[in-house]
Amino acid sequence: MPDRPTPQPGVLKIAPYVPGRSEAAGAAETIKLSSNESPLGASPKAVAALADIAGELAIYPEGSSADLRETLAAVHGLEAERIMMGAGSDEILHLLSQTYLGDGDEAVIGEYGFLVYPITTQAAGGTPVFAKSRDYQNDVDAMLAAVTDKTKIVFLDNPNNPTGTYLSDVEVRRLHAGLRPDILLVIDNAYAEYVTAPDYSVGTDLVLEADNVVMVRTFSKMGLAALRLGWMYGPDHIIDAVNRIRGPFNVNVAAQVAGVAAAKDQDFTALLCAHNAEWRGWLTSELSSNSLRVLPSEGNFVLVLFPAQAGVTAAEADAALLKEGVVTRQVGAYGISNGLRISIGSEAAMRRVADVLKKFMAEHAGV
Ligand code: PMP
């Protein structure tokens, strides 16, 4: 008998998630571009809604987040009964893994899939199986080839974090068509609001057509990261199963009321998308050069690939940016040691990033 409590198998194999840094020590001012938050803060209407609940803190939230589900249903043309809310989409990913994975089961994940997927898989006793990407893009053929009779879930972040690349509707449908009906396809559209590619789909049609597809979304990239609010749209039988293990009051009142106001504030959502598209395009073309490759991104961030040459590595660029107060994200944990992920921020932030990196490259690589 063990002489102390023992975690379930798999738990201690989990590599702890390291969040984006918040501070540039020693710099006069910090510009945080490390966690893909909103480039323009929160919807003013969501901020105002929060003030109204200060007198209601003693009362439990409505457990199913009914107002919020009705609002999302109206805004997106969906059915409220098929929506489930979570404390961030991270919670939803955990709940899906707990519901559909057990010891010995496998989850297929793209080579550079979001790091929370292997965590939730292992926490549920499952094994993550990584499918090679093709030039930093999820590869449908490789994902299908990674499926075995033990596969229970396929996780697809679309767009992908940290690469920013995406799969078209046709490719997502091809992935789905190649899966057995007992395998759950989790389409994680955390960055859906920022996508401008015309052949992209959020996948709600597929959710309605199939019995084994869910769409996962978040408010975190749209200005409410602090409140922890995510949601899922899925078939009735999946919503029913996952609701049975969801905490009865998992989404707090502040998140619910701010979420309703933010979801209704489609002008602010449009503003965010337009700002992001402009500065994502600008930063991509400013930084792209013979030495730096900026992957085409559909998210609110870009992944910049640095040369393997001493003096101009991603780690050295990170240090140069930090000295100027700019905090970005190294992505070695994803196996991309030459990459720096930079969230799209304000115009001033983007100009600062471009200035610092251009100077850095000119001084150290002679370009
Ligand atoms: N999915 C993807 C692809 C993400 O990049 C993130 C945030 N980094 C999440 C899910 C989690 O978002 P949240 O828990 O804040 O809703």
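Note that the structure is a prediction, hence the values are computed from the model and not measured. (Residues numbered from 1 in each chain as written. Predicted model: local features only at pLDDT ≥ 70, side-chain atom pairs only at ≥ 80, totals over all residues. Heavy atoms only, no water.)

## A closer look at the domain arrangement of the protein chain
- On domain assignment, one finds that the protein chain holds domain 1 (11-32 + 267-365) and domain 2 (44-265).
- Put simply, the middle of domain 1 and the middle of domain 2, counted by C-alpha atoms, are 25 Å apart.
- Listed per partner, the contact involves 29 residues of domain 1 and 30 residues of domain 2.
- Carbon and sulfur atoms make up 63% of the surface buried where domain 1 meets domain 2, a total of about 2,500 Å² over both sides.
- Where domain 1 meets domain 2, there are one salt bridge.
- Its salt-bridge partner being aspartate 135, residue arginine 293 comes within 2.8 Å of it at the nearest N-O pair.
- Summed over the shared surface of domain 1 and domain 2, the number is eleven residue pairs in polar contact (both at pLDDT 80 or more).
- Considering each element in turn, the side of domain 1 that touches domain 2 owes the most residues, eight residues, to helix 10 (residues 266-287).
- Class assignment of the residues belonging to the side of domain 1 that touches domain 2 gives a composition of 17 nonpolar, six polar and six charged. (Domains from an automatic or database assignment. Contact = heavy atoms within 4.5 Å. Buried area = accessible area lost by both parts, 1.4 Å probe. Salt bridge = Lys/Arg side-chain N within 4 Å of Asp/Glu carboxyl O. Polar contact = N/O pair within 3.5 Å; in protein donor to acceptor, adjacent residues only side chain to side chain. Helix = DSSP H or I, 4+ residues; strand = E, 2+ residues; numbered from the N terminus. Nonpolar A, V, L, I, M, F, W, Y, C, P; charged D, E, K, R; others polar.)

## Here's the deal with the sheet that holds strand 2 (residues 83-86)
- A sheet is described by the order of its strands in space; here seven strands give the open sequence 2-8-7-6-5-3-4, paired in mixed fashion. At either end of the open sheet lies a strand with only one pairing partner, and these are strand 2 and strand 4 (127-131). Taken over all neighbouring pairs, the strand axes of this sheet differ in orientation by 25° on average, direction set aside.
- One ladder, built from five bridges, connects strand 5 (residues 151-157) with strand 6 (residues 184-188); its direction is parallel. (Pairing = 2+ DSSP bridges. Axes fitted to C-alpha atoms, helices over the stretch in contact; angles between N-to-C directions.)

## Concerning the pairing of strand 2
- Burial along strand 2 is two-sided: the face carrying Ile83 and Met85 and the face carrying Met84 and Gly86 are both buried.
- As judged from the four bridges shared by strand 2 and strand 8 (residues 230-233), these two strands associate in the antiparallel manner. Across the sheet, the residue bridging to methionine 85 is tryptophan 231, located in strand 8. (Buried < 20%, exposed > 50% of the residue type's maximum accessible area, 1.4 Å probe, protein only.)

## A short note on the packing of helix 3 (residues 88-100) against helix 4 (residues 116-123)
- At a minimum axis distance of 8 Å, the contact between helix 3 and helix 4 shows a crossing angle of 40°. Handedness of the crossing formed by helix 3 with helix 4: right-handed. From helix 3, Asp90, Leu93, His94 and Ser97 reach across to helix 4, where they touch Val116, Tyr117, Ile119, Thr120, Thr121 and Ala123.
- Taken together, the residues of the contact of helix 3 with helix 4 sort by class into five nonpolar, four polar and one charged. (Left-handed = near helix turned anticlockwise from the far one by under 90°.)

## A look at the environment of proline 181
- By the secondary structure assignment, proline 181 is in the loop between helix 6 (169-177) and strand 6.
- Along the primary structure proline 181 and lysine 152 are separated by 29 residues, whereas in three dimensions their C-alpha atoms are 9.9 Å apart.

## Concerning the site of the ligand
- Around the ligand sit 13 residues, and of these Ser89, Asp188, Tyr191, Thr218 and Ser220 come closest.
- Aspartate 188 is positioned with one of its side-chain polar atoms (N or O) 2.6 Å from a nitrogen atom of the ligand.
- One of the side-chain N or O atoms of tyrosine 191 is found 2.7 Å from an oxygen atom in the ligand.
- Burial of the ligand by the protein amounts to 93% of the accessible area it has alone, namely 400 Å².
- The element best represented in the shell around the ligand is helix 3, accounting for three residues. (Near = heavy atom within 4 Å. Areas by Shrake-Rupley, 256 points an atom, 1.4 Å probe, with all protein chains shown as cover.)

## Brief notes about the packing of aromatic side chains
- Under the counting rule described, the total for this entry stands at eight aromatic pairs.
- Note on tyrosine 17 and phenylalanine 114: the rings are 6.3 Å apart at their centroids and 80° apart in plane angle, and the pair reads as edge-to-face. Residue tyrosine 17 is found in the segment before strand 1 (31-32), and its partner phenylalanine 114 is found in the loop between strand 3 (106-110) and helix 4; the two are separated by 97 residues along the sequence.
- Its relative accessible area of 35% is what places tyrosine 17 among the partly exposed residues. (Phe/Tyr/Trp six-rings, centres within 6.5 Å; stacked < 30°, edge-to-face > 60°.)

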